[in-house]
Amino acid sequence: MSELPIVGFEVVERSYRLSAPFKTALRQLDSVTSIAVRLAAADGTEGWGEAVPAARITGETRGSILAALEELRGQVLGRDAADLLDTARAVQQGLVGNPSAKAAVDVALHDLVARSVGWSISRLLGTAASSVPTDMTIGAGDLEEMLSASTRALADGFGLLKLKVGLRGAADGRLVRDLASALPEPTILRLDANQGWTPRQAVRVLEELDRAGIPIDLVEQPVPAGDLRGLAFVTARSPYPVLADESARDAHDVDRIAELAAADAVNVKLMKCGGLLPAREMAAVARAAGLGVYVGVMMESGLGVRAAAAFAAAEGDPVVHDLDAAAWLADGPQAGLSYERGRLCWQVGGREPKLGEPADGRRDPRSSSRRD
Ligand SMILES: [Mg+2]
């Protein structure tokens with residue numbers, strides 16, 4: 001007999017406004033579309049997870065996520081959540097691709113099992129930590145816009161700024177130099193070009209910054225995702241460590257990256273790989289190959305960020321992760337999250353936040369939901 005049979009699978013859509021537009025080399029966002037999954041067990045325990053459309057990154061749209069969730073519903077209803085590994089594997093094997101839809105179900109499943117014994121996901125994953133260090137992302141813009149966002153982030157206590165670049169080709173070097181010289185020393189920067197440079201442009205920019213003595217802890221996804229040879233070209237010549245993001249979607253990608261020495265580290269995101277089960281596999285493959293592991297998020301609500309934070313804490317790498325998305329939400333991070341002095345903090349123990357409801361307890365009128 002099942003210990004924790006899954007009897008409910010509900011999809012709840014919501015839109016969260018951002019406090020400022022978020023601009024990268026790939027897209028501009030003014031809001032986050034969250035497609036949450038609520039799993040319910042026969043004893044009334046709930047588990048929540050979230051998917052977000054990111055067509056330019058994962059290929060997933062709102063419509064494709066809803067269709068994939070319909071498929072996954074059949075994979076998990078009636079299964080035993082307490083048989084966590086088997087059920088999580090069934091989610092992964094339920095269909096090819098569709099990583100953020102799978103992540104929503106995988107995280108909801110882990111959350112359900114954790115809550116059934118009064119735990120948080122972080123505790124379920126094996127850590128008692130309640131915070132991890134995170135950077136703050138500075139969206140792409142002109143010097144004045146990026147300087148004012150950077151100044152605000154430093155005032156809010158973030159010590160490491162991730163600059164979105166990649167829109168100006170080799171001229172990005174000048175922008176970063178000007179910005180760095182206008183910021184108080186020592187402000188540590190990381191760069192994310194979101195595939196916006198050619199391999200040669202990337203090397204030119206990075207050499208220029210190195211000559212100018214700009215402190216940069218890493219450079220993320222300088223070249224197009226599929227160009228692993230180009231990525232390896234940059235990694236071989238870069239004065240700074242190179243982090244693969246869009247090039248590293250799953251454990252198989254990580255294996256290829258290691259084989260080609262295409263990057264120094266990988267950015268693991270639940271939305272990109274399909275949830276906690278594949279994320280742990282990705283991190284294990286990376287470490288076995290000598291690659292560093294960072295944990296990042298897409299633009300997600302507190303629901304998604306909370307699971308990524310638990311994963312980052314449990315993996316235990318002594319690095320500054322990229323988990324600032326919930327700080328961008330106009331109504332605050334919710335889900336029991338807060339940002340304090342450059343760390344993402346969450347509640348643990350007996351005060352597990354109620355997930356899935358707006359802060360004021362009302363259902364968002366824009367949400368659509370269906371129950372089984
Ligand atoms: Mg990135």
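Quick summary incoming for the structure in this document. Keep in mind the model is a prediction, meaning the values are calculated, not measured.

**Examining the coordination of the magnesium ion**
The protein atoms that coordinate the magnesium ion are Asp-192 (OD), Glu-220 (OE) and Asp-245 (OD), at distances spanning 2.1 to 2.3 Å. Between consecutive donor residues of the magnesium ion, the sequence gaps follow D-x27-E-x24-D. Of this pair, Asp-192 sits in strand 7 (residues 188–192) while Glu-220 sits in strand 8 (residues 216–220), and the two are 28 residues apart along the sequence. For Glu-220, a relative accessible area of 2% gives the class buried.

**Quick word on the packing of aromatic side chains**
Following the criterion strictly, the structure yields two aromatic pairs and no others. Look at Phe-22 and Trp-328: their rings are 4.9 Å apart centre to centre, the planes differ by 85°, and that puts the pair in the edge-to-face class. A residue pair is termed long-range when its members are at least 10 positions apart, and Phe-22 in strand 1 (residues 6–23) and Trp-328 in the loop between helix 12 (302–315) and strand 12 (337–340) qualify at 306 residues. Here the aromatic rings of Phe-158 and Tyr-339 are separated by 6.1 Å at their centres, their planes lie at 50°, and the arrangement is tilted. Placement of Phe-158 in the loop between helix 5 (143–155) and strand 6 (160–164) and of Tyr-339 in strand 12 is noted, with a sequence separation of 181 residues between them. Assessed through its relative accessible area of 6%, Phe-158 is described here as buried. It is Arg-237 that lies over the ring of Phe-233; its NZ or CZ is 3.7 Å from the centre.

The rules behind the values
Each chain has its residues counted from 1, running along the sequence as written. This being a predicted model, a pLDDT of at least 70 is required before a residue's local features are given, and a value of 80 or more before pairs of side-chain atoms are given or counted; all residues contribute to the totals for chains, interfaces and linings. With hydrogens and water set aside, each side-chain value is computed from the structure's full complement of heavy atoms. Because no water is among the atoms considered, metal sites can look incomplete, with donors defined as N, O and S atoms within 2.8 Å of the metal, or 3.2 Å for Na, K and Ca. Note on conventions: DSSP H or I runs of at least 4 residues are helices, E runs of at least 2 residues are strands, and numbering of each starts at the N terminus. With a 1.4 Å probe rolled over the protein chains alone, any residue whose accessible area is under 20% of its type maximum counts as buried; one over 50% counts as exposed, and the rest are partly exposed. For this analysis, a ring pair means two rings from Phe, Tyr or Trp (six-membered ring only for Trp) whose centres lie within 6.5 Å, classed as stacked if their planes differ by under 30 degrees, edge-to-face if by over 60, and tilted for the remaining angles. Any Lys NZ or Arg CZ that is within 6 Å of a ring centre and within 35 degrees of that ring's normal is treated as a charge sitting over the ring.

Purely spatial values, then, with no claim about function.
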